[in-house]
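Here is how the chains run, residue by residue.
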Amino acid sequence: MPPIHLLDLSFQETAEAIAAFVVETDEGPVLVETGPHSTWPHLEGALHKLGYRPEDVRQVLLTHIHLDHAGAAWAFAKKGAVIHVHPVGAPHLAHPDKLLHSARRIYQDQMDTLWGQMEPIAESQLHTPADGEEIEIGGVVFRALYTPGHATHHIAWQVGADVFTGDVGGVRIPGGVVMPPCPPPDIHIEHWLESIARIKQAGAERLWLTHFGPVDEPVPHLDALAARLLDWANWMRPWFESGTPPEEVTPRFQQYVQEQLRSEGITDPQVLQRYELANPAWMSVWGLMRYWKKKLARG
Ligand SMILES: [Zn+2]
């Protein structure tokens, strides 16, 4: 097993919300996820602690292009790194205007504090693996598992029995339980359930969640994630069908999730705050409503 290091990016000066990972290889550090550009100083500091500078990172693997996972990829590309990303995500990194425009519409004047800058990545530095493709770097094999459901362009990266699950493996803050992050626009429950099954079949012995950290018993974790995903989708359906505006649903959903956490014995306000940072309730309301809209339109 290659050494794997978890880097806490201290998103919004909060511990255990967003992670990146370093996998040591004979050709130096491989970075899995970059976090947003706003946490660059923390990322740089964490690399430094491992004895690396950002320019030592020659290979970056992204699970998907959401800003909390990939927002700093361009800064590594600028220093010469190759960025490995799903082919559907790659054009958005080469031409980030659309991605930034829709993010700015959502976050408005919070945009810079939350996510920071984003610049285009040269297409020659983007590598887009096929499903199942194995990338060998310095004696370590990284296998790309296409795992849609959270995002159509999601990849879980397998290294032996370790799998970096991005968001398809859910959010579990230490001291908490697993929850599915459901932002718009791609949420697809059926695909997500298939992806969960796929990660199980890959024989994972340990998952690494971007939000946040290692999971040593993947099967019960993934089973709980699948159950919660269905539960949330079914909870949302009548609100969508009755045409209730999302902003009215959000406080109800927030309360529902808080009750779920409380019923699991999770009351620590810090842990609850990390959940809200990594997986805001309003985003899941928008994402799940959009899922139902598309699904019911398909018939
Ligand atoms: Zn995320």
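Residues numbered from 1 in each chain as written. Predicted model: local features only at pLDDT ≥ 70, side-chain atom pairs only at ≥ 80, totals over all residues. Heavy atoms only, no water.

A. Representation of the coordination of the zinc ion. Taken together, Asp68 (OD), His69 (NE2), Asp167 (OD) and His211 (NE2) make up the protein donors of the zinc ion, found 2.0 to 2.3 Å from the metal. Coordination at the zinc ion comes from four donor atoms whose angles at the metal span 84 to 155°, giving a geometry best classed as irregular. Counting along the primary sequence, the residues that act as donors to the zinc ion give the motif D-H-x97-D-x43-H. Taken together, the residues span a long stretch of sequence, with aspartate 167 in the loop between β10 (162-166) and α7 (189-201) and histidine 211 in the loop between β11 (206-209) and β12 (213-215) at a distance of 44 residues. Under the relative-accessibility criterion, aspartate 167 is labelled buried at 3%. Residue histidine 211 is classed as buried on the basis of its relative accessible area, which comes to 0%. (Donors = N, O, S within 2.8 Å, 3.2 Å for Na, K, Ca; no water. Tetrahedral: all angles 85-135°; square planar, octahedral: opposite > 155°, others 65-115°. Helix = DSSP H or I, 4+ residues; strand = E, 2+ residues; numbered from the N terminus. Buried < 20%, exposed > 50% of the residue type's maximum accessible area, 1.4 Å probe, protein only.)

B. Main features of the side chain of threonine 250. Within the element layout of this structure, threonine 250 appears in helix α9 (residues 246-263). Of the residues examined, threonine 250 reaches a relative accessible area of 12% and is grouped as buried. The contact partners of threonine 250, leaving out residues within four places of it in the chain, are Trp282 and Val285. (Contact = heavy atoms within 4.5 Å.)

C. Structural view of the sheet that holds strand β2 (residues 19-25). Taken in spatial order, the six strands make up an open sheet running β1-β2-β3-β4-β5-β6, and their pairing is mixed. Both edges of this open sheet fall to β1 (4-8) and β6 (126-127), since each of them pairs with a single strand only. Sheet topology places β2 next to strand β3 (residues 28-32); five bridges connect them, and they run antiparallel. Bridge pairing in β3 links valine 22 to leucine 31. (Pairing = 2+ DSSP bridges.)

D. Inspection of the environment of alanine 17 at higher detail. Position of alanine 17 relative to the elements: it lies in the loop between β1 and β2. The exposure class assigned to alanine 17 is buried, which follows from its relative accessible area of 0%. Taking the C-alpha atoms as reference, alanine 17 lies 9.2 Å from glutamine 273; in sequence the two are 256 residues apart. If we ignore the near neighbours within four places in the chain, the residues touching alanine 17 are Phe11, Thr210, His211, Phe212 and Ala278.

E. Inspection of the layout of surface pockets at higher detail. Within this model, the largest pocket holds a volume of roughly 1200 Å³. Along the walls of the largest pocket sit 38 residues, with Ala103, Ile106, Tyr107, Pro184 and Met283 positioned nearest its centre. Of all the elements in the fold, those that place two or more residues in the lining of the largest pocket are α2 (67-70), α5 (97-107), α6 (111-115), α10 (269-278) and α11 (281-298). By residue number, the principal contributor to the lining of the largest pocket is α5, which donates seven residues. Residues of the lining of the largest pocket, tallied by class, amount to 21 nonpolar, ten polar and seven charged. (1 Å grid on protein atoms, 1.4 Å probe; cavity = no way out; pocket = protein on both sides within 12 Å on 5 of 7 lines; lining within 4 Å. Points joined across faces, edges and corners; volume = space filled by probe spheres on them. Nonpolar A, V, L, I, M, F, W, Y, C, P; charged D, E, K, R; others polar.)

F. Representation of the nonpolar core in the model. In this structure, Phe142, Phe164, Met236 and Phe253 are the most contacted members of the largest nonpolar core, which totals 62 residues. The element contributing the most residues to this core is helix α8 (residues 218-241), with eight residues. Those residues within four positions of phenylalanine 164 in sequence are excluded, and the remaining contacts are Ile4, Phe21, Val23, Val32, Thr63, Ile155, Ala156, Trp157, Val159 and Trp208. Counting residues in hydrophobic clusters, the runner-up holds 41 residues, among them Val22, Ile65, Trp115 and Ile121. (Core = buried A, V, L, I, M, F, W, Y, C linked by side-chain atoms within 4.5 Å.)

Taken by themselves, the reported measurements are silent on function.
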